[in-house]
Amino acid sequence: MDLNVNSNLVIPSKELKWRFSRGSGPGGQNLNKTDSRVELIFDLRNSKVISPFLKKRLITQIGSQLSAGSIRIVASEKRSQYQNRQLALKRLAALLIEGLRPLARARKPTKPRAGAKQRRLESKKQRGDLKRKR
């Protein structure tokens, strides 16, 4: 099942690796029998779908969540493996969307205007006068 990140990016299922194990969440006795915990691994560095420019942006944006060039998502909240798989896919898509968002413009430093300085100084003087009259 391919992962639709947005209208421009679709990650084919062959680039997604799955691992399953026994979870520790809800499930009762069923927990001891089924591999409901899901681990989704997406190798970002070796991906054929993502352009080098987008890879660079993703690495700078979400680099702290990369491990050896791969994104690892773990889901074990639900009782069924299918639901955990869907949850892991949603988390990966959300992470990629967040990482592909363009960087915010850097703030251009400005100086306060003369009127603003004057108002600030006047309010400080009024406050000082009020304290002195106590």
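Our subject is the structure that appears above.
Every chain's residues receive numbers from 1 upward, in the order its sequence appears when written. In keeping with the model being predicted, local features are shown solely for residues with a pLDDT of at least 70 and side-chain atom pairs are shown and tallied solely at 80 or more, while totals for entire chains, interfaces and linings include all residues. To obtain the side-chain values, all non-hydrogen atoms of the structure were included, while hydrogens and water were left out.

1. Some details on the sheet that holds strand 6 (residues 70-75)
And then number 1: Strands qualify as paired when DSSP identifies two bridges or more between them. Under the scheme used here, helices are H or I runs from DSSP no shorter than 4 residues and strands are E runs no shorter than 2 residues, and both carry numbers assigned from the N terminus. Spatial ordering of the open sheet is given by 3-4-6-5, a layout of 4 strands whose pairing is antiparallel. Whereas interior strands pair on both sides, the edge strands pair on one side only; in this sheet they are strand 3 (16-21) and strand 5 (66-67).
And then number 2: Summarising the sheet, strand 4 (residues 37-43) and strand 6 pair through 6 bridges and their orientation is antiparallel. Counted as the bridge partner of Ile 41 is Arg 72 from strand 6.
And then number 3: Most of the contacts of helix 2 (residues 81-100) go to strand 6, to which it runs at about 140°, and overall it touches strand 3, strand 4 and strand 6. What makes two residues a contact is simply this: any of their non-hydrogen atoms within 4.5 Å. Note on definitions: angles span 0 to 180 degrees between N-to-C directions of axes, and those axes are lines fitted to C-alpha atoms, for helices only across the stretch in contact.

2. Quick word on the side chain of Glu 39
And then number 1: Along the chain, Glu 39 turns up in strand 4.
And then number 2: The classification of residues rests on relative accessible area computed with a 1.4 Å probe and restricted to protein chains. Under 20% of the type maximum is buried, over 50% is exposed, and intermediate values are partly exposed. Judged by relative accessible area, Glu 39 falls into the buried class, the value being 8%.
And then number 3: Residues adjacent in sequence count toward polar contacts only when both atoms are side-chain atoms; beyond that, a polar contact is any pair of N or O atoms within 3.5 Å, and within protein one must be able to donate a hydrogen and the other to accept it. Only 2.5 Å separates the side chain of Glu 39 from the side chain of Arg 72, close enough to count as a polar contact.

3. Overview of helix 1 (residues 52-62)
And then number 1: Along helix 1, the residues classified as buried are Lys 55, Leu 58 and Ile 62. Around the axis of helix 1, the buried residues are gathered within 65° of arc, so they sit on the same side. Relative to its buried face, helix 1 has exposed residues pointing more than 90 degrees away, namely Pro 52, Phe 53, Lys 56 and Thr 60. Throughout, the arc means the angular range of directions from the helix axis out to the C-beta atoms.

4. Topic: the side chain of Lys 55
And then number 1: The topology assignment puts Lys 55 in helix 1.
And then number 2: Asp and Glu are treated as the negative residues and Lys and Arg as the positive ones, with His and the ends of the chain left uncounted. Any carboxyl oxygen of Asp or Glu within 4 Å of a side-chain nitrogen of Lys or Arg constitutes a salt bridge here. Buried charge without a partner: Lys 55 forms no salt bridge, and the closest opposite charge is Glu 15, 7.7 Å away.
And then number 3: Excluding anything up to four places from it in sequence, Lys 55 contacts Leu 44, Arg 45, Asn 46, Ser 47 and Ile 50.

5. Quick notes on the packing of aromatic side chains
And then number 1: Two aromatic rings, drawn from Phe, Tyr or Trp (for Trp, its six-membered ring), form a pair once their centres lie within 6.5 Å of each other, and the interplanar angle then sorts them: stacked below 30 degrees, edge-to-face above 60, tilted otherwise. Here the structure, examined in full by the defined rule, presents 1 aromatic pair.
And then number 2: Centre to centre, the rings of Trp 18 and Phe 20 are 6.4 Å apart; their planes meet at 0°, and the pair counts as stacked.
And then number 3: For Phe 20, a relative accessible area of 34% corresponds to the partly exposed category.
And then number 4: A ring is considered to have a charge above it if a Lys NZ or an Arg CZ atom is located within 6 Å of its centre and within 35 degrees of its normal. Just above the ring of Trp 18 sits the side chain of Arg 85; from NZ or CZ to the centre is 4.5 Å.

6. Some words on unusual backbone geometry
And then number 1: In this structure, Ala 68 takes a positive phi of about 55° despite not being glycine.
And then number 2: Following the sequence through the fold, Ala 68 ends up in the loop between strand 5 and strand 6.

7. Things to note about the pattern of salt bridges
And then number 1: On inspection of all chains with the given rule, the structure shows 6 salt bridges.
And then number 2: For Glu 39, the salt bridge identified is with Arg 37, shortest N-O distance 3.8 Å.
And then number 3: Residue Arg 37 is classed as partly exposed on the basis of its relative accessible area of 22%.
And then number 4: When the shortest N-O distance is used, the salt bridge between Asp 129 and Arg 132 registers 2.7 Å. Residue Asp 129 and its partner Arg 132 are located together in helix 3 (residues 114-132), separated by 3 residues, close to a single helical turn.
And then number 5: On the basis of relative accessible area, Asp 129 is assigned to the partly exposed category, the value being 33%.
And then number 6: One connected set of salt bridges, linked through shared partners, spans Arg 19, Arg 37, Glu 39 and Arg 72.

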